[in-house]
Each structure stands twice: as C-alpha cells, then as structure tokens.
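A look at the structure
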Amino acid sequence: MVLGVAGGIAAYKACHVVRGFTEQGHSVRVVPTESALNFVGAATFEALSGNPVSTGVFDRVEEVQHVRVGQEADLVVIAPATADLMARLVAGRADDLLTATCLVATCPVVVAPAMHTEMWNHPATRANVATLRDRGVTVLEPAHGRLTGPDTGAGRLPDPEQIVALSLLRLDGCELPQDLSGRRVLVTAGGTRENIDPVRYLGNRSSGRQGFALAEVAAQRGAEVTLIAGATDELPVPCGVELIRISSARELEGEVAARAADRDIIIMAAAVADYRPTTTAPAKLKKNSASALTGVELTENPDILAGLTASRREGRISADTVIVGFAAETGDDTGSVLDHALRKIRRKGCDLLMCNDVGSGKVFGRRRNRGWLITPDGSVTEVDDGTKFRVASAILDSAVRLIPDR
Ligand code: C5P
C-alpha cells in the first residue's frame, strides 16, 4: 500500500500508521510531500517501511515512479492530509509524486485530514471533502481535541490505530458511505461493574472493542453518535463521538433512558451484569468476617434492552427506532447457539440480534469477531470472521436497512 503524508504537524503520527500496517503484514511505500519532510525525515520513513522514499516526479525517472507507484498500490492512505493537499487532489494536480500517484491509482483511496478547526470548517475545505467523497474517496472524520497550540476543536488526526483499522475496511471491500448522515445513533459498550464494597466488584471480560468499533464506524458513516461505556480496555475515543462513562448496570440504565428518545438506531453492545450485590458495603469487608464475602446476596439487574423495547411499544420512544441487541451464547443440551439466540430476540423484542458463539473464549478481548445476525422472523445472516470494525460495518448495513423511510 501507499501511505501519503502531507505537511502538517500530525505527520509525526504517520510513523505509527506505517508500523500499524507493517505489523499486519502489509508492504508500505511512504510517499511524503516535500513539506512533510520538514516534520519527519525521509530516513525515518525508509527505516520504518523498508522501502525507498521520494517526493518528486523527477526522482529516479528511469523507474517511471510517478505512474508505477499508483499502478502497483492496492490501497492509498493519506495521513495526515492537509487542506492544501485535498485542494490539489480535487483539482487533479500532479505536481509531486503523491498527487501524481493519486491520479494514477484505481484502488481505494482513504484520506485522513488534520488541520485547524477553522480550516476544516472553511467552505472551500467542505466543498473539497464533498467532491472527494462523490468521487468514491473515503474521507475520514477528524477527531476533536487538542490541536497544535493550546486550542482544541475538530481537526485532530485520528489515532493511528483508528486510521489503520478504518483504512483496512476498504481492503476488505467495505465502503464507509455517508448513509447515516443526519441520523442519531446510541451505542453502549464494555462491561458493568457491580460494587461489593469500596475495593471489590462483580465484573466481566468485555473489552468494549466491538461497541467502540460500532460507534466509530457509525460516526464515520455520518451519524451523530453517543457512546455510553462501562469498563473497557484502553481504547481511543471514536472520532466526533460523545462519550459518557458509567460503571454499574443501573447507571447505564439511567444514561440510556435519558438519551434514547429520537434515536434512529440504538445498539446495546454492553455486557451488562445480570446481578448486583443487594447492598454495597460502605467499608471493605474483612476476609475473616465469614459470611460477609461468601454470602454476598444478589439482586437481579434491570434488563435494559427489554426495557427499551417495552418503552417503544408503549410509545415512550419513537416507534421508528431500530433496536439492536447482542447475545453471547454457548450451545448446550437444550439447544444450539442459534436456537438460544432466536428465543432471545423474541424475548427481548429487538429488531436485530448479533449472536456470537463464546464457547472456549472465542470473542472476549480479541480484535476479531464472527457470528450471525438474526431477525425476529428467524432469518439468519452469517457474519464472516473479520475485524470488529468489519463486523460493525455488517451490523450497521443491516440496521440501516431497517430504518423506516422518512
Ligand atoms: O440476556 P443477555 O445478557 O444474554 O442479553 C444480552 C443483550 O441484552 C445485550 O444486548 C445486552 O447489552 C443486553 N442486556 C441488557 N440488560 C441486562 C442484560 C443484558 O440490556 N441486564
């Protein structure tokens, strides 16, 4: 693949993007602009990629690089892309090796812009982004946060891990269409923690990766996304997403209830504890206070998903909201994984259920996932093994089809 690097301060993060791709076995040819080399030296990119680095169309002319680099690429990723670089792509310029490569390339192109908020919001940049998207280029939404100086806002380069995962979607044949533009999506992720005392809790192995990938892909497809997350691995905040942190199932229930109205899609990917200690001890329970720990009494938690679908039936949330649940199942002598999942979707009353087979630790904490998407009428779509971003795309494809026309 070709990694184009334009001349913005975020160019230093391109080093980690090269690493991310090479660690997954991809061969990377870095093509910086001349100004990118003001930030990171060619030697750094050459050492990290193991490939030569040139910037101009007159470097190594006998190799006809200005044509060959683009022809040989399976994927072109530009990270960071400056406002100027996008303007040159839109105009069809070919005045350096990167723009010439982009004119030649017929493979998917992913552009990760990074610039100050004012530049990102300028009508010229907005128009250039729209034109590139019309031409089939994937233009990633930038993150919000700290910019070069003390200021913050939209325009930060996404985390290298996010750029790699989102770019590889295009190699997997997934588009990131703007089909959720104007839509409001709510996603829950991670595991809940139910406190026993100030130091102990009941928790679970959820990493939050699938929920974070859903929020990220939905936002990249144009949605306004709120992500309510419990305990997760350390994951980058999805770009442009409102993140709310909770700890227990009852906190999650409260935040979901406060934000469920007027959503087009609600996805319950969180691993919610079924039970919580009936009381939380105000002081640490002593090991030798016999029954205090061995006899922790449990109370059933509310089923938030079932509560949401009941609210929809009773008109408290829009009848048009598409509600998606998750089911981590193992087969047993009362039925297969799919039998259990089908009973669950009918019991919970949701529109779509992503079912995983979690026998022998197949999902938790992994970066990949697979399973089946089930609807209440019993139709089953297999979701092939892929990254959690790939699975997120498949879930959103199905959910989008269920949104009633406006
Ligand atoms: O019943 P089970 O835990 O297998 O159901 C899983 C689905 O239900 C997930 O979508 C999960 O987020 C949701 N759930 C919930 N409230 C609970 C338990 C699970 O919303 N108390």
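Residues numbered from 1 in each chain as written. Predicted model: local features only at pLDDT ≥ 70, side-chain atom pairs only at ≥ 80, totals over all residues. Heavy atoms only, no water.

**Let's talk about unusual backbone geometry**
With omega at 0°, the peptide bond leading from Ala-79 into Pro-80 counts as cis. Positive phi values are uncommon outside glycine, yet Val-64 reaches one of about 45°. Examined against the element boundaries, Val-64 turns out to sit in the loop between helix H2 (42-49) and helix H3 (65-72). In this structure, Asp-262 takes a positive phi of about 60° despite not being glycine. Residue position: Asp-262 is located in the loop between helix H10 (249-259) and strand E13 (265-268). Judged by relative accessible area, Asp-262 falls into the exposed class, the value being 56%. (Helix = DSSP H or I, 4+ residues; strand = E, 2+ residues; numbered from the N terminus. Buried < 20%, exposed > 50% of the residue type's maximum accessible area, 1.4 Å probe, protein only.)

**Structural notes on the UniProt feature "binding site: CTP" (unreviewed entry) in the protein**
Using the residue numbers shown here, the UniProt feature "binding site: CTP" (unreviewed entry) corresponds to Asp-274, Lys-284, Pro-302, Asp-303, Ile-304, Leu-305, Phe-326, Lys-344 and Lys-348. Spanning 75 residues, the named residues are also spread out in space, since their farthest C-alpha pair is 37.5 Å apart. The subset of the named residues that lines the largest pocket consists of Asp-274, Pro-302, Asp-303, Ile-304, Leu-305, Phe-326, Lys-344 and Lys-348. Within the fold, Phe-326 resides in strand E16 (residues 322-329). Relative to the helices and strands, Lys-348 is located in helix H13 (residues 337-348). Residue contacts for Lys-348: discarding those within four places in its chain leaves Asp-303, Leu-305, Ala-306 and Thr-309. (UniProt positions renumbered as here; feature names shortened; annotations may be inferred. 1 Å grid on protein atoms, 1.4 Å probe; cavity = no way out; pocket = protein on both sides within 12 Å on 5 of 7 lines; lining within 4 Å. Contact = heavy atoms within 4.5 Å.)

**Considering the pattern of salt bridges**
All chains considered together, the criterion is met by 23 salt bridges. Among the salt bridges present, the one from Arg-316 reaches Glu-314, with a minimum N-O distance of 2.7 Å. Taking the relative accessible area as the measure of exposure, Arg-316 reaches 55% and is therefore exposed. Its relative accessible area of 52% is what places Glu-314 among the exposed residues. With a shortest N-O distance of 2.9 Å, Asp-385 and Arg-368 are connected by a salt bridge. Pair noted here: Asp-385 is in strand E19 (residues 380-387) and Arg-368 is in strand E18 (residues 368-374), with a separation of 17 residues, a long-range link. Through salt bridges with shared partners, one network takes in Asp-84, Arg-88, Arg-93, Asp-95 and Asp-96. (Salt bridge = Lys/Arg side-chain N within 4 Å of Asp/Glu carboxyl O.)

**Some remarks on helix H4 (residues 83-91)**
What sets the pattern is the α-helix's 3.6 residues per turn: residues three or four places apart point alike. For H4, the set of buried residues is Leu-85, Met-86, Arg-88, Leu-89 and Val-90. Along its buried surface, H4 packs onto strand E3 (76-81), helix H5 (97-104), strand E4 (109-113), helix H6 (117-121) and helix H7 (123-134). Following H4 by one or two positions, Gly-92 adopts a phi angle in the positive range, close to 75°.

**Overview of the sheet that holds strand E1 (residues 2-5)**
If you walk across this open sheet you meet the five strands as E2-E1-E3-E4-E5, and the pairing is parallel. Two strands lie at the open edges of the sheet, namely strand E2 (29-32) and strand E5 (138-139), each paired on one side alone. Of the strand pairs in this sheet, E1 and E3 are connected by three bridges, and their pairing is parallel. Bridging from a neighbouring strand, Val-2 pairs with Val-76 of E3. Contacts between helix H8 (residues 160-171) and the sheet are confined to E3, E4 and E5, with E4 contributing the most and set at about 155° to the helix. (Pairing = 2+ DSSP bridges. Axes fitted to C-alpha atoms, helices over the stretch in contact; angles between N-to-C directions.)

**Thoughts on the packing of helix H1 (residues 14-23) against H8**
Where H1 contacts H8, the two axes come as close as 9 Å, and the packing angle between them is 50°. Taken as axis vectors, H1 and H8 run oblique relative to one another. Crossing angle aside, the handedness with which H1 passes H8 is right-handed. Contact residues: H1 offers His-16, Val-17, Gly-20 and Phe-21, while H8 offers Pro-160, Ile-163, Val-164, Ser-167 and Leu-168. Of the residues assigned to the contact of H1 with H8, the class counts are six nonpolar, three polar and no charged. (Parallel < 35°, antiparallel > 145°, perpendicular 65-115°, else oblique. Left-handed = near helix turned anticlockwise from the far one by under 90°. Nonpolar A, V, L, I, M, F, W, Y, C, P; charged D, E, K, R; others polar.)

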